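# Notes for the structure review
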Amino acid sequence: MDQSVRVIRPKGSHIASAGADLNSDTGRRSDSAHAYIHSTRAHYGNLHLKCNTKVDKVILEGGRAVGVQTVATKPLSQEQQQPRIFKARKQIIISGGTLSSPLILQRSGIGDPEKLRKVGVKPLVDLPGVGLNFQDHYLTFSVFRAKPDFDSFDDFLRGDPVVQKALYDQWNMNGTGRLATNGIEAGVKVRPNEKELEEMRTWPTPEFQSGWDDYFKNKPDKPVMHYSVLAG
């Protein structure tokens, strides 16, 4: 097994919680394209985007990542059904999210050799931690009845075509209205204090204590719960 390939997960400055995709400077609703892509391409001409394209795997040569093999997300022609390879001169960054990044690595032969062989992938880098330690994102709702004239996303999410058109038109015209926000107008990050932790140790839930010690105890910036008010 070649051990010269390192998988690094960099720490970024962009933090999203509970779908709170807001510009931290303006407080307005934003998205990845406007936050990163458009602003970058406005100043640099060396950022190129490939639409309808999905990364299949990383190409390794001599223990180094030298390129990526891609496939069309939705092939529109016979030619697009063939995989393509893009070579890199310097560095390859995998940023496919919690689920897709490990899958790309595993399809590339990077992961637990035993698991890779079971699905017909030739192991190239012995890295058993790939794809491990996933955590469920638990979500519960407390529903409250709103007054009829209260602005919410109910009719929009139900698919009312009249409401949807009106909100889209308002957003496209001047960037205002309900679509100017993601509906989360307030949020609170919660961590138990020492007194609450002592009480929790008496509960018949030893899994919480092990999870606290392993992940939360020495990370004061990590909330155990995020509470939001959602106008949904």
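The rules behind the values
- Residues numbered from 1 in each chain as written.
- Predicted model: local features only at pLDDT ≥ 70, side-chain atom pairs only at ≥ 80, totals over all residues.
- Heavy atoms only, no water.
- Helix = DSSP H or I, 4+ residues; strand = E, 2+ residues; numbered from the N terminus.
- Buried < 20%, exposed > 50% of the residue type's maximum accessible area, 1.4 Å probe, protein only.
- Contact = heavy atoms within 4.5 Å.
- Areas by Shrake-Rupley, 256 points an atom, 1.4 Å probe, with all protein chains shown as cover.
- Salt bridge = Lys/Arg side-chain N within 4 Å of Asp/Glu carboxyl O.
- Core = buried A, V, L, I, M, F, W, Y, C linked by side-chain atoms within 4.5 Å.
- Phe/Tyr/Trp six-rings, centres within 6.5 Å; stacked < 30°, edge-to-face > 60°.

Glancing now at the overall build of the protein chain. Scanning the protein chain from terminus to terminus reveals seven helices and seven strands. Each helix and strand of the protein chain, placed in order from N terminus to C terminus, yields the pattern α-β-β-β-α-β-α-β-α-α-β-α-α-β. Looking at the protein chain as a whole, 19% of its 232 residues are labelled buried. Pairs at least 24 residues apart make up 50% of the contacts formed inside the protein chain by residues separated by at least 6 positions. Total accessible area on the protein chain stands at roughly 18,600 Å², and carbon and sulfur atoms take up 53% of it.

Summed over all chains, the structure comprises six salt bridges. Its salt-bridge partner being Lys118, residue Glu114 comes within 3.9 Å of it at the nearest N-O pair. Here Glu114 pairs with Lys118, and both are found in helix H3 (residues 113-118), just four residues apart, close to one helical turn. Summarising the burial analysis for this pair, Glu114 and Lys118 share the class exposed. A salt bridge links Arg201 to Glu198; the shortest N-O distance between them is 2.7 Å. With a relative accessible area of 40%, Arg201 lands in the partly exposed category.

As a further point, take the nonpolar core. Residues Val58, Leu60, Val68, Ile104, Leu105, Ile110, Val125 and Val130 constitute the largest nonpolar core, which totals eight residues. For this core, the secondary structure elements donating two or more residues are strand E1 (53-61) and helix H2 (97-107). Here Val58 is in contact with Ala65, Gly67, Val68, Ile92, Ile94, Ile104 and Ser108, once residues within four sequence places are set aside. In this structure, Phe153, Val163, Leu167 and Leu179 belong to the second largest nonpolar core, which totals five residues.

With that out of the way, let us pick up the packing of aromatic side chains. Between two aromatic rings, the relevant description is the distance of the centres plus the angle of the planes. Scanning the model with the defined rule gives five aromatic pairs in all. Note on Phe208 and Trp212: the rings are 6.4 Å apart at their centroids and 25° apart in plane angle, and the pair reads as stacked. Here the residue Phe208 and the residue Trp212 both occupy positions in helix H7 (residues 206-216), the gap between them amounting to four residues, near one helical turn. Overall, Trp212 belongs to the buried group, its relative accessible area being 5%. Feature note: the residues Phe208, Trp212, Tyr215 and Phe216 constitute an aromatic cluster, connected by ring pairs.

Next up on the list: unusual backbone geometry. The residue Asn52 is not glycine, and still its phi comes out positive at about 55°. Tracing the sequence through the fold places Asn52 in the loop between helix H1 (32-41) and E1. Residue Asn52 is classed as partly exposed on the basis of its relative accessible area, which comes to 28%. One non-glycine residue, Asn133, lies in the positive phi region at around 65°. Secondary-structure assignment places Asn133 in the loop between strand E5 (125-126) and helix H4 (154-157).

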